[in-house]
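These are the residues of each chain, in order.
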Amino acid sequence: MERKTAAITKIEFQKKNKNRCSIFLDDEFAFGLEADIVIQHGLKKGDQLTAEQISEILFKEEKQRVKEKAYQFLARRAHSEKELRTKLLNKGFEKNLVDEILAQLKQQKLIDDAAFAHSFVRSRLASKPLGEFALRQELRTKGISEDKIAAVLQLAYNEKSQIEYARELVQKKLPQFGNLDDRVKKKRLADFLIHRGFDWELVKEVVNEKLKSEE
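Residues numbered from 1 in each chain as written. Predicted model: local features only at pLDDT ≥ 70, side-chain atom pairs only at ≥ 80, totals over all residues. Heavy atoms only, no water.

Student: Even after reading the chapter, I still don't get the overall build of the protein, so can you show me in this structure?
Tutor: Regarding its fold elements, the protein presents 10 helices and four strands. Seen in sequence order, the protein has helices and strands lined up from the N terminus as β-β-β-α-β-α-α-α-α-α-α-α-α-α. Overall size of the protein, expressed as C-alpha extent along the three principal axes, is 95 × 35 × 30 Å. Restricting to contacts in the protein with at least 6 residues of sequence separation, those with at least 24 account for 51%. Summing over all exposed atoms, the protein offers an accessible surface of approximately 13400 Å²; the carbon and sulfur share of this is 49%. Side-chain charges of the protein comprise 43 positive and 36 negative groups, with the mean position of each set lying 4 Å from the other. (Helix = DSSP H or I, 4+ residues; strand = E, 2+ residues; numbered from the N terminus. Contact = heavy atoms within 4.5 Å. Areas by Shrake-Rupley, 256 points an atom, 1.4 Å probe, with all protein chains shown as cover. Lys, Arg positive; Asp, Glu negative; His and termini not counted. Charge placed at Lys NZ, Arg CZ, Asp CG, Glu CD.)

Set out below in structure tokens:
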């Protein structure tokens, strides 16, 4: 007949990770736990654990692991909610646990898509200026909602317009083309700006304006 309880016969810190403990039930290694979980449950040698108690303990342990992994990702850089969810799911964590932890992180403002989008756009425009189309696509891939995208792009290009960014890019790029024929210069500059996500009408205006000033 299957036993309804198992006794904790030993709890010891793991050699490779002093923040984790090895739990032995009936003189056999059963599972590892974060030291915090051991303390939370007041686990000690001699305790008798039911299957339900063990399941509850392991559930809290797994939730703690999800949270710690999320903190690790966030310590490296800010993430959108979608980015962080994808990374946690790719680590093999269960969706319900991931959703629960993400909800907590949102409540704590540790993930905030609006703030993330604003920071991301400012960084992109400072290091590698892009047109609205390219930025919009990048933000979409990161799971930012359309209303947040519209708000952050409007704010970003109010500070400095797309045409100003395009003009600066052309000014930096033009010397690379040396004494090429104007027609070739025009095409290469246009291709460059289109690749950076600027719309065609703006590209035509900036390129024609610049080449005319070079005459």
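Next, the rest of the story.
Student: Whenever I open this one, the nonpolar core confuses me. Can you help?
Tutor: Generally speaking, nonpolar side chains in soluble globular proteins are found buried as a group. The biggest cluster of nonpolar side chains holds 32 residues, and the ones touching the most others in it are V121, L139, L193 and F198. Where this core is concerned, the elements lending two or more residues are α5 (113-127), α6 (132-141), α7 (146-159), α8 (162-173), α9 (182-195) and α10 (200-214). Those residues in contact with L139, other than ones at most four positions away along the chain, are A117, F120, V121, I144, I149 and V152. Ranked by size, the runner-up nonpolar core spans 14 residues in total, among them I8, L49, I54 and I57. (Core = buried A, V, L, I, M, F, W, Y, C linked by side-chain atoms within 4.5 Å. Buried < 20%, exposed > 50% of the residue type's maximum accessible area, 1.4 Å probe, protein only.)

Student: I keep staring at the packing of aromatic side chains and nothing clicks. Help me out?
Tutor: For any pair of aromatic rings, geometry is given as the distance between the ring centres together with the angle between the planes. Scanning all chains against the criterion turns up three aromatic pairs. Between the aromatic rings of F24 and F29, the centroid separation amounts to 5.8 Å while the plane-to-plane angle is 75°, which identifies the pairing as edge-to-face. By relative accessible area, F24 is classed as buried at 15%. Ring centres of F116 and F120 lie 6.0 Å apart, and the angle between their planes is 25°; this geometry places the pair in the stacked category. Taken together, the positions of F116 and F120, both in helix α5 and four residues apart, correspond to about one turn of that helix. (Phe/Tyr/Trp six-rings, centres within 6.5 Å; stacked < 30°, edge-to-face > 60°.)

Student: In this structure, what is going on with the packing of α5 against α6? I would like to understand it.
Tutor: The relative placement of two packed helices is expressed as an angle between their axes plus a distance between the axes. For the pair α5 and α6, the least separation of the axes is 11 Å and the interaxial angle reads 140°. When the axes of α5 and α6 are compared, the pair comes out oblique. As for how α5 packs across α6, the hand of that crossing is right-handed. Across the interface between the two elements, A117, F120, V121, R124 and L125 from α5 touch L135, E138 and L139 from α6. (Axes fitted to C-alpha atoms, helices over the stretch in contact; angles between N-to-C directions. Parallel < 35°, antiparallel > 145°, perpendicular 65-115°, else oblique. Left-handed = near helix turned anticlockwise from the far one by under 90°.)

Student: Looking at this structure, I do not really get the confidence of the model for the protein. What am I missing?
Tutor: Keep in mind that low pLDDT regions are not for reading the predicted coordinates in detail. The predicted model of the protein averages 91 in pLDDT, with 97% of residues at 70 or higher. No element of the protein has a lower mean pLDDT than α10, which averages 86, and none a higher one than helix α3 (residues 81-90), which averages 97. (pLDDT = per-residue confidence, 0-100.)

Student: Explanation requested: unusual backbone geometry in the structure shown.
Tutor: Most peptide bonds adopt trans geometry, and most residues besides glycine take a negative phi value. Of note, D26 is a non-glycine position whose phi angle comes to about 50°, a positive value. You can see D26 is positioned in the loop between β2 (20-25) and β3 (28-34). If you check the backbone angles, K109 has positive phi at about 65° while not being a glycine. Checked against the element boundaries, K109 lands in the loop between α4 (95-107) and α5. According to the relative accessible area criterion, K109 is exposed, its value standing at 62%.

Student: Which parts of the structure should I look at to understand the sheet that holds strand β4 (residues 48-50)?
Tutor: The strands making up a sheet associate through backbone hydrogen bonding, with each pair oriented either parallel or antiparallel. An order of β3-β2-β1-β4 is seen for the four strands of this open sheet, with the pairing classed as antiparallel. In the strand order of this sheet, the two ends are held by β3 and β4, each with one partner. The average angle at which neighbouring strand axes cross in this sheet is 40°, direction not considered. In this structure, strand β1 (residues 5-13) lies alongside β2, joined through five bridges in antiparallel fashion. The residue bridging I8 from the neighbouring strand is L25, located in β2. (Pairing = 2+ DSSP bridges.)

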